[in-house]
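# Structural characterization, general
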Amino acid sequence: MTYSSDIAFTPTIKSIQTREGSRRAYARMEEEHSWRTSLTPDIVAFIAQQTSVFLATANREMQPYIQHRGGPAGFLKTLDETTIGFADFSGNRQYVTIGNLADNPKAYLFLIDYSRRRRVKIWGTARVVEDDAELIARLAPADYAARVERAILFSVLALDVNCPSHIPQRFEASDVAAALADRDARIAALEAQVQELRANAGHGVVIAI
């Protein structure tokens, strides 16, 4: 019997799992539910929040390459339950990812949310689309200062949600700035109330804070 996790758990890897004592647990996982093969609503929501993603490809000689992709929240778009699309912005013009996909469609997406310490791994295939103006326009983020050269469509074959072990907790600068602004506004309001209390102290007026 084959399982969706076989995309990562090759016979060699399973033999190592057996040697190291983890195969029984993973075999039970395979029999009970294995890995997801489609994008469920919680994963769709997670994808929509991302401003950063790592895309792994390999060339004809199987040399791997990992590229960072980024954009405003929503730059990764779920087109259906097994397809993720995103605009390919103009960059350093090395075109390693594009060339790799021309020779080898296998690809992998690694998404990580540092603030919530959550990561999602997605195996699949990807293809470059250069002659579909409607699709490219659909994937181009609104009001984002980047030139879109083409589109990339990622077809999901399997995905796994990992535990938070060893993920450092970090926060987006914009979220920190917003939290500090809220704090400062609250402090300013409290200080104003204190000043009002002091101003009215001689008149026997009590103001609740």
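Residues numbered from 1 in each chain as written. Predicted model: local features only at pLDDT ≥ 70, side-chain atom pairs only at ≥ 80, totals over all residues. Heavy atoms only, no water.

### Observations concerning the packing of aromatic side chains
Going by this rule: When two rings of Phe, Tyr or Trp (its six-membered ring) have centres within 6.5 Å they constitute a pair, described as stacked for plane angles under 30 degrees, edge-to-face for angles over 60, and tilted for the intermediate range. For the purposes of this entry, the term helix denotes a DSSP run of H or I that reaches at least four residues, the term strand denotes a run of E that reaches at least two, and both are numbered from the N terminus. We call a residue buried when its accessible area falls under 20% of the maximum for its residue type, exposed when it is over 50%, and partly exposed in between, using a 1.4 Å probe and counting protein chains only.
For the coordinates displayed, the defined rule picks out five aromatic pairs. On the numbers, 5.4 Å between centres and 50° between planes, the contact of Phe89 with Tyr144 is tilted. Note that Phe89 is positioned in strand β4 (residues 83–89) and Tyr144 in the loop between α5 (133–139) and β7 (148–162), a separation of 55 residues in sequence. Here Phe89 falls in the buried class, since its relative accessible area comes to 17%. Put simply, the rings of Phe9, Tyr26, Trp35, Tyr108 and Trp123 pair up and form one aromatic cluster.

### Digging into helix α2 (residues 23–32)
An α-helix turns once every 3.6 residues. As a result, residues three or four positions apart point the same way. Condition: Taken from the helix axis, the directions to the C-beta atoms give the arc we talk about. The criterion used for residue contact is that any of the two residues' heavy atoms lie within 4.5 Å.
For α2, the full list of buried residues reads Arg23, Met29 and Glu30. Buried residues of α2 fall within an arc of 120° about the axis and therefore sit on the same side. Across from the buried face of α2, at angles greater than 90 degrees, the exposed residues are Arg24, Glu31 and Glu32. Summarising the contacts, the buried residues of α2 are in contact with α1 (11–20). Ser34 sits one or two positions beyond α2 and adopts a positive phi of about 50°.

### Side note on the pattern of salt bridges
Filter applied, for reference: Salt bridge, as used here: a side-chain nitrogen of Lys or Arg that lies within 4 Å of a carboxyl oxygen of Asp or Glu.
Under the counting rule described, the total for this entry stands at 13 salt bridges. Ionic pairing is found between Asp103 and Arg60, a salt bridge with its closest N-O pair at 2.8 Å. Of the two residues, Asp103 sits in helix α4 (residues 96–103) while Arg60 sits in the loop between β1 (52–58) and β2 (64–70), which places them 43 residues apart along the sequence. The partly exposed category is assigned to Asp103, whose relative accessible area is 39%. Look at Arg60 and you get exposed, because its relative accessible area is 58%. Each of Arg69, Asp88, Arg93, Glu130, Arg147, Glu149 and Arg150 takes part in a single network of salt bridges with overlapping partners.

### Side note on the packing of α1 against α2
A pair of packed helices is characterised by two quantities: the angle between their axes and the separation of those axes. Convention followed: To define axes, lines are fitted to C-alpha atoms, for helices over the stretch in contact only, and angles between the resulting N-to-C directions are given on a 0 to 180 degree scale. An angle below 35 degrees is read as roughly parallel, one above 145 as roughly antiparallel, one from 65 to 115 as roughly perpendicular, and any other as oblique. Any residue that is not Ala, Val, Leu, Ile, Met, Phe, Trp, Tyr, Cys, Pro, Asp, Glu, Lys or Arg is counted as polar, Gly included; the first ten are nonpolar and the last four charged.
It is at 7 Å that the axes of α1 and α2 come closest, and there the two elements cross at 125°. One finds that α1 runs oblique with respect to α2. From α1, Lys14, Gln17 and Thr18 reach across to α2, where they touch Arg23, Tyr26 and Glu30. Split into classes, the residues belonging to the contact of α1 with α2 amount to one nonpolar, two polar and three charged.

### Here we look at the sheet that holds β2
For clarity, the cut-off: Being paired, for any two strands, means DSSP has found at least two bridges between them.
Pairing is antiparallel across the open sheet formed by seven strands, whose spatial order is β2-β1-β5-β6-β7-β4-β3. The open sheet is flanked by β2 and β3 (77–80), the only strands paired with a single partner. Each neighbouring strand pair of the sheet contributes to a mean axis angle of 35°, computed without reference to strand direction. Two elements, strand β5 (residues 106–113) and strand β6 (residues 118–129), share eight bridges in a ladder whose sense is antiparallel. Looking across to β6, one finds that Asp113 is bridged to Arg118.

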